[in-house]
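Report on the structure
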Number of protein chains: 2
Amino acid sequence: MITQTADHTDIRATNLAAVLGFLRREAPCSRAAIASGTGLNKATVTSIVGDLLDRRLVRETQQTQNHVGRPATLLVLDGSAYAAIGLEVSARGLTALAYDTAGEQVLRWHRAGPGVDAGPAKTVAALATLARRAITTVQSSGRRVLGITVGVPGLVNRDGCVVLAAGLGWRDVSLRTELTASIGRPDIPVTVENDATLAVLAEHLYGPLADCENLIHLTGDTGVGAGIIVDGRPLRGHLGYVGEIGHLRLVPDGPVCGCGQRGCLEALASLPAILSRVDGLDDSDPQVQLEHLIRRADAGEAAVTKVLAEAGMHLGHGVAALVNILNPAQIVLGGSYALLSVHLIPSITKALEEAAIAPEAGGCTVTASTFPNTATPLGATAQALTPLTQGHLPVL
Amino acid sequence: MITQTADHTDIRATNLAAVLGFLRREAPCSRAAIASGTGLNKATVTSIVGDLLDRRLVRETQQTQNHVGRPATLLVLDGSAYAAIGLEVSARGLTALAYDTAGEQVLRWHRAGPGVDAGPAKTVAALATLARRAITTVQSSGRRVLGITVGVPGLVNRDGCVVLAAGLGWRDVSLRTELTASIGRPDIPVTVENDATLAVLAEHLYGPLADCENLIHLTGDTGVGAGIIVDGRPLRGHLGYVGEIGHLRLVPDGPVCGCGQRGCLEALASLPAILSRVDGLDDSDPQVQLEHLIRRADAGEAAVTKVLAEAGMHLGHGVAALVNILNPAQIVLGGSYALLSVHLIPSITKALEEAAIAPEAGGCTVTASTFPNTATPLGATAQALTPLTQGHLPVL
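Keep in mind it's a predicted model, so treat the numbers as computed, not measured. (Residues numbered from 1 in each chain as written. Chains lettered and ligands numbered in written order. Predicted model: local features only at pLDDT ≥ 70, side-chain atom pairs only at ≥ 80, totals over all residues. Heavy atoms only, no water.)

Before going further, it helps to spend a moment on the interface of chain B and chain A. On the side of chain A, 56 residues touch chain B, which itself brings 56 residues to the contact. Of the roughly 4600 Å² buried between chain B and chain A on both sides combined, carbon and sulfur atoms contribute 61%. Viewed at the interface, chain A and chain B are joined by zero salt bridges. One can count 22 residue pairs in polar contact (both at pLDDT 80 or more) joining chain B with chain A. Listing elements by their share of the side of chain B that touches chain A, those giving two or more residues are α1 (8–26), β8 (162–165), α6 (195–205), β12 (225–230), β13 (233–234), α10 (302–326) and α12 (341–355) of chain B. Looking at the side of chain B that touches chain A element by element, the count peaks at six residues for α10(B). When the residues that make up the side of chain B that touches chain A are grouped by side-chain class, the tally is 29 nonpolar, 19 polar and eight charged. (Contact = heavy atoms within 4.5 Å. Buried area = accessible area lost by both parts, 1.4 Å probe. Salt bridge = Lys/Arg side-chain N within 4 Å of Asp/Glu carboxyl O. Polar contact = N/O pair within 3.5 Å; in protein donor to acceptor, adjacent residues only side chain to side chain. Helix = DSSP H or I, 4+ residues; strand = E, 2+ residues; numbered from the N terminus. Nonpolar A, V, L, I, M, F, W, Y, C, P; charged D, E, K, R; others polar.)

And the structure:
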């Protein structure tokens, strides 16, 4: 609880972040509009905009305002100079996404992974190949890569080591170190983060729940994990291991979980657990199995909807624990849960209403993500741009 | 995610808070030491210290420093002008505490409550009587009361209404409104807050875990509740209902809970649940029953230590859920759990090690509070002083 006063560098970065944030919400806009919207004086705004123009983070348009008086040159974000790459590893495969600094998508790729049984080395190699191709594609568009962030379904420590990702069969994989070496571009910072933590960042920044201050993103593609924003801030915790709701023990004599215990939420209601309970999904690619599952559920096949209703009930009890402990306004179902949401939400909501202690579940609503396939890599691109959004300009 | 720039009033308050915070940690100290410690210029420090001297929040001492050069007058916090009152309602009774702005205790009282069966009206009346007496005592010491904060074991909404306190048998009690009317001092702001949220604030500000950034305070005197600090900030949530770990369902066919469900942590391991499982605790005052329980446990009576080991196991599973979701560095056992900690911690730790997914429980340690009887009212006094610690001076 030490209150710090701000020094000059901090103030410059804070003000630059305020100008960029205003442009992100309001562009096109004039320097005068930025000054009045941020409370900064015009000289400061002019100086900051000069820096942003120099780095092609902002450009002037020919448009003018229809006000009385001298027409003003308007400013918009410029995405032609820099981009960030977001990657995701999951049981469904590998995903790569790149966005430029004006919020335009530069690339979006998905490929089947080497499979959970292949072991971490093959997956890391495939991920590095994907990253190198993404860098090449971004660079051939004329942009510099400011950073790469990777989302992984597991415990990631502050050194970017995946301490445990039970659903991938990983333990103590030094992903950041290995990927940095394998990519061979020490000038591009690589960050590794929990997948759900990145996904909730995407929900908080983009889409219909942007700016919701109390928001939880629930994913189950590999393990079951929660990305958590409380009071407007993503939670990190002591070592960065928040959101591991997958090992809540719901059924004392339930099925064995990858963690060695019985009856964990993950063993009852993750996508792999759901797929294992449905007969006749023969393809070995989990992505193809999921599409098959969705078709059969949408067609109303009773054996399939029963499995999903049971999974929804267990998820509802997990959600109730999150609601009782964290009082979110929104629970967002991500990944495959979003694609299956019409079959899951009724039983989730019923279990939540029974098990939440606060009246009306403390005002919590359960919805499906509008980014079912890309929340994690989208959040990863935002995470990779964190220095810039906090007002620290790329070194020229 | 709107970044705001600071206006003049905010800057003055931020700087004043920095000066007061520095004095709290470092006094006695000179104006020059404050300037170098906070990064503020000397003219600003002199002006702020002038305001603080005017309000008797700071005073000059006769001490001088042993440095070369002109001796400097040293400053210390002055508690002679203002104090705050913290109150607690629990199944163990009512507690009142007052601290002045220099951190000195002005009063500390405990009395048996009217009992859970008496209904909210009698408890509110008893609490108002206690508050009025506390105001009189503080005023007769020459100090003005800056605020009163009350901790209650239940869901408290932003209007200070206790929406639900199952352990007290309360539902929709407009405590802030009723207490304000009953005290009859509209000039003194009354705040109502969840008891565990106040208790964790006390742990975070004072005592051996001060400045621990990831800290959970667990209380079970009435219901079972957790006060949560993650990444240095107390969590509040959408409607203020965080920390309701008491209704985690651990034993599907377990004992009926006050909430209507079966096998909740609260029904298995709250103090009332523990007391109900031990024979021969005849006194009707829960405080006397607790003292009796502690004596028999400390004497090694097998029937008693068995009940406590079982409660500890259930608490350990609840703690594991908190650890998996929030990754705290410290779990602090408060209230009666602190007094019983030698009997509870071994079984809590065992269950936690089994059920936590992160290696070594994510670095989490379980300890006993050093404020077993006063964490909530102590946190309440700190809460009542929040405007001042944020740099807003009392109006003269």
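Residue and element names in this part refer to chain A. Each assigned domain of chain A is listed with its residue range as follows: domain 1 (8–77), domain 2 (82–198 + 376–389) and domain 3 (210–370). Distance between the C-alpha centres of domain 1 and domain 2: 32 Å. Contact with domain 1, which involves six residues of that partner, is made by five residues of domain 2. With both chains or domains summed, domain 1 and domain 2 bury close to 560 Å², and 63% of this area falls on carbon and sulfur atoms. Applying the counting criterion to the domain 1 and domain 2 interface returns zero salt bridges. Counting every contact that joins domain 1 to domain 2 gives zero residue pairs in polar contact (both at pLDDT 80 or more). Per element, the largest residue contribution to the side of domain 1 that touches domain 2 is three residues, and it comes from helix α1 (residues 8–26). Looking at the side of domain 1 that touches domain 2 residue by residue, the classes come out as four nonpolar, no polar and two charged. (Domains from an automatic or database assignment.)

Let us now look at the nonpolar core. If you look at the biggest cluster of nonpolar residues, it comprises 94 residues, and the most contacted ones within it are L218(A), I245(A), L326(A), L218(B), I245(B), L293(B) and L326(B). Non-local contacts of L218(A), meaning those with residues more than four positions away in its chain, are made with V224(A), G225(A), A226(A), I245(A), L315(A), V319(A), L322(A), V332(A), L333(A), G334(A) and Y337(A). (Core = buried A, V, L, I, M, F, W, Y, C linked by side-chain atoms within 4.5 Å. Buried < 20%, exposed > 50% of the residue type's maximum accessible area, 1.4 Å probe, protein only.)

All names here are of chain A. Structurally, H204 can be placed in helix α6 (residues 195–205). Judged by its relative accessible area of 1%, H204 is buried. Separated by 3.0 Å, the side chain of H204 and the backbone oxygen of C212 make a polar contact.

Okay, the sheet that holds strand β3 (residues 82–90) of chain B next. Residue and element names in this part refer to chain B. Strand order in the open sheet made by the five strands is β5-β4-β3-β6-β10, with mixed pairing throughout. Edge strands, defined here as strands with exactly one partner in the open sheet, are β5 (105–111) and β10 (190–194). Recorded for the sheet is a direction-independent mean angle of 15 degrees between the axes of neighbouring strands. Two strands pair when backbone bridges link them, and β3 and strand β4 (residues 93–100) are joined in this way by eight bridges, in the antiparallel orientation. Counterpart to I85 in the pairing with β4 is A98. In the packing of helix α4 (residues 120–140) onto the sheet, the strands contacted are β3, β4, β5 and β6 (144–152), and the crossing angle to β5 comes to about 155 degrees. Against the sheet, α6 touches β6 and β10, its axis set at about 95 degrees to β10. (Pairing = 2+ DSSP bridges. Axes fitted to C-alpha atoms, helices over the stretch in contact; angles between N-to-C directions.)

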